[in-house]
Number of protein chains: 2
Amino acid sequence: MAEAKTFQFQFTEFWEAQTGLTFGIKGLLHQETSEFQKIQVLETDAFGRLLLLDGLVMLTDRDEFVYHEMITHPSLCLMEEPERVLVIGGGDGGTVREALRYASVREVDLVEIDGRVIDVCREFFPVVASALDDSRLTIHVADGAEFVRNAPADHYDLVTVDSTDPVGFAEALFGEDFYRECHRLLKPSGILAAQTESPFDRSFRESISDAHRMLGRIFPQVHMYLAHIPTYPTGTWSFTMGSKQWNPVTDFDAQRANRQLAPFLGYLQYYNTDIHAASFALPTFVKRLFVGV
Amino acid sequence: MAEAKTFQFQFTEFWEAQTGLTFGIKGLLHQETSEFQKIQVLETDAFGRLLLLDGLVMLTDRDEFVYHEMITHPSLCLMEEPERVLVIGGGDGGTVREALRYASVREVDLVEIDGRVIDVCREFFPVVASALDDSRLTIHVADGAEFVRNAPADHYDLVTVDSTDPVGFAEALFGEDFYRECHRLLKPSGILAAQTESPFDRSFRESISDAHRMLGRIFPQVHMYLAHIPTYPTGTWSFTMGSKQWNPVTDFDAQRANRQLAPFLGYLQYYNTDIHAASFALPTFVKRLFVGV
């Protein structure tokens, strides 16, 4: 075992030297323990600044665009004139930034339980946090599960669950009661979009099937889609869309969506109307997770 | 700097403990230095056995299916009755295994420069190497660049360049002369498919654009496609298809392809006819690599 440990160390060193997987940590810019979690900001060679919450990678300067574009645009581009968006979690501001690109969006509620995340991101991630002062945005430093219980019905076009992983204080965001409340808040054409871990990670496969089954009891349309995110475990990330009305592939009008995207197309680095349908095409092993669901 | 180094070590430990990115090396099963390279086989927790060539990840038991299915099926499923396939590199046998799934394929040439890779994979990766004894296969332990100079014209339906990265002895496989020879070997409906690194890795972006430009001088149709491969750097891998005749998206007949795949569909874990077109849809930042190319 000592030999294996020595080898592992050498291998990690080599691997990090050879590949783009390494972050190349240059220094720790900020570290604090908030009421809810440990918040750390690191400077890295490969990915710019890196935000960790309780040691988990939340975002980096260089690839945050994938996650934030993909949790918003596939839903918003299905709608003619989306007006109201609710973001649960997402205190970094990236999801809000993408939603506010649409001129038709006139009200965004951001519900982040940890106000310190917002402050730290304003200071260290100015590009991600760039829309946090938009006049159409209301920031609620509050518990997301409680917020959705008290919010008005039939109000939002899109609810995004932009939360940390399903452990600890974020656990309540992954239950059936929570998703039923989200359904209630949505207009008849509304969509829920949630991040749902990596299907390559065996430890999450059961919870992915469970989430799919649960959402299927609440929404008539449930669809998973994938994106390439280098700094998230396995490099592949899934999102799940629960939709009251639209089928995200067959009801997608690429020409209309392109007109909608035109004013800010130059800012997008990942999402486009080809990627839209493509992201809903699932590898066979992922499809098999849903057999019988 | 000492502080940063300590932090990096702690972070790596934590990261590896928390995520699916870690291999969890349990031991070194085999190690040798062949005439060409260092060959190592490791046992890992997360990905089963792992093959390293000169320290670079070539394949693991758990995710080799993605690479091997995606370097063969998108091309072979464009053809009615593919008969002859040439695999340059690929001594592990995975690409050969996928090509030989087609009953119409009656001749596969595998040209691997390092016979020790073949032997080691036969011993340690029996599933990957499972088709290496197929009677339709001829193994040539030879230099790929030399092989293509001497092979007959107008002979193959598919040539795959399943090589290591463009350094050292594999460098000759990435030049224009080599690709012109591959073009010469192909039938008028033939296709070349090559692995072309990760577009997320900034150090490869220039060579991806270069390869695209170069192939565009040789083939009337050049298309990049992507796949999710967790154990390759950044988790995203690109392939480039040079085609003499077929446009891989608009000429793809999914119904016909499904009939072709039917006899072995149960063995495939990644590729399916939805994934086919989807894999050619490129994120905006990747499309921008080809602007002006």
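The structure under discussion appears in the preceding block.
All figures in this text were calculated on a predicted structure; none of them were measured in a lab. (Residues numbered from 1 in each chain as written. Chains lettered and ligands numbered in written order. Predicted model: local features only at pLDDT ≥ 70, side-chain atom pairs only at ≥ 80, totals over all residues. Heavy atoms only, no water.)

1. A few points about the pairing of strand E8 (residues 156-162) of chain A
Residues and elements named next belong to chain A.
- In terms of burial, E8 is a largely internal element, 7 of the 7 residues being buried.
- Where strand E5 (residues 84-89) meets E8, 5 bridges bridge the pair, whose relative direction is parallel. Within the sheet, the bridge partner assigned to Leu-86 lies in E8 and is Val-159.
- Where E8 meets strand E9 (residues 186-195), 5 bridges bridge the pair, whose relative direction is parallel. When the sheet's bridge partners are listed, Tyr-156 is paired in E9 with Leu-186. (Buried < 20%, exposed > 50% of the residue type's maximum accessible area, 1.4 Å probe, protein only. Helix = DSSP H or I, 4+ residues; strand = E, 2+ residues; numbered from the N terminus. Pairing = 2+ DSSP bridges.)

2. Things to note about the packing of helix H6 (residues 176-185) of chain B against helix H7 (residues 205-218) of chain B
All names here are of chain B.
- H7 packs onto H6 with a crossing angle of 40° between their chain directions and a minimal axis gap of 10 Å. The orientation of H6 with respect to H7, classified from their angle, is oblique. Crossing angle aside, the handedness with which H6 passes H7 is right-handed. Counted together, Glu-176, Tyr-179, Arg-180 and His-183 of H6 and Met-214, Leu-215, Arg-217 and Ile-218 of H7 form the full contact between these two elements.
- Each residue belonging to the contact of H6 with H7 can be placed in one class, and the counts come to 4 nonpolar, 1 polar and 3 charged. (Axes fitted to C-alpha atoms, helices over the stretch in contact; angles between N-to-C directions. Parallel < 35°, antiparallel > 145°, perpendicular 65-115°, else oblique. Left-handed = near helix turned anticlockwise from the far one by under 90°. Contact = heavy atoms within 4.5 Å. Nonpolar A, V, L, I, M, F, W, Y, C, P; charged D, E, K, R; others polar.)

3. Concerning the side chain of Asp92(A)
Residues and elements named next belong to chain A.
- Within the fold, Asp-92 resides in the loop between E5 and helix H3 (94-99).
- Despite being buried, Asp-92 has no salt bridge partner; Arg-97 is the closest side chain of opposite charge, sitting 7.4 Å away.
- A polar side-chain atom of Asp-92 sits 3.2 Å from a polar atom in the side chain of His-68.
- When neighbours within four sequence positions are excluded, Asp-92 is seen to be in contact with Leu-59, His-68, Val-117, Cys-121, Val-128, Ala-129 and Leu-132. (Lys, Arg positive; Asp, Glu negative; His and termini not counted. Salt bridge = Lys/Arg side-chain N within 4 Å of Asp/Glu carboxyl O. Polar contact = N/O pair within 3.5 Å; in protein donor to acceptor, adjacent residues only side chain to side chain.)

4. Observations concerning the sheet that holds E5(A)
Residue and element names in this part refer to chain A.
- Spatial strand order, E7-E6-E5-E8-E9-E11-E10: 7 strands in an open sheet with mixed pairing. Each end of this open sheet is capped by a strand with a single partner; those strands are strand E7 (137-141) and strand E10 (221-228). Taken pair by pair, the neighbouring strands of this sheet meet at an average axis angle of 15°, ignoring direction.
- Helix-sheet contacts for helix H7 (residues 202-216) involve E9, E10 and strand E11 (236-243), and the interaxial angle to E10 is about 145°.

5. A word on the nonpolar core
- Membership of the largest hydrophobic core comes to 122 residues, with the highest contact counts inside it found for Met70(A), Val108(A), Phe239(A), Met70(B), Val108(B), Phe239(B) and Tyr270(B).
- Those residues in contact with Phe239(B) that lie beyond four places of it in its chain are Tyr67(B), Met70(B), Ile71(B), Ala194(B), Gln195(B), Thr196(B), His223(B), Met224(B), Tyr225(B), Ala227(B) and Ile229(B). (Core = buried A, V, L, I, M, F, W, Y, C linked by side-chain atoms within 4.5 Å.)

6. Concerning helix H6 (residues 176-185) of chain A
Residues and elements named next belong to chain A.
- Those residues of H6 that sit buried are Phe-178, Tyr-179, Cys-182 and Leu-185. Down the axis of H6, the sector holding all buried residues measures 115°, keeping them to one side.
- Contact partners of the buried residues in H6: E5, helix H5 (144-150), E8, E9 and H7. (Arc of directions from axis to C-beta.)

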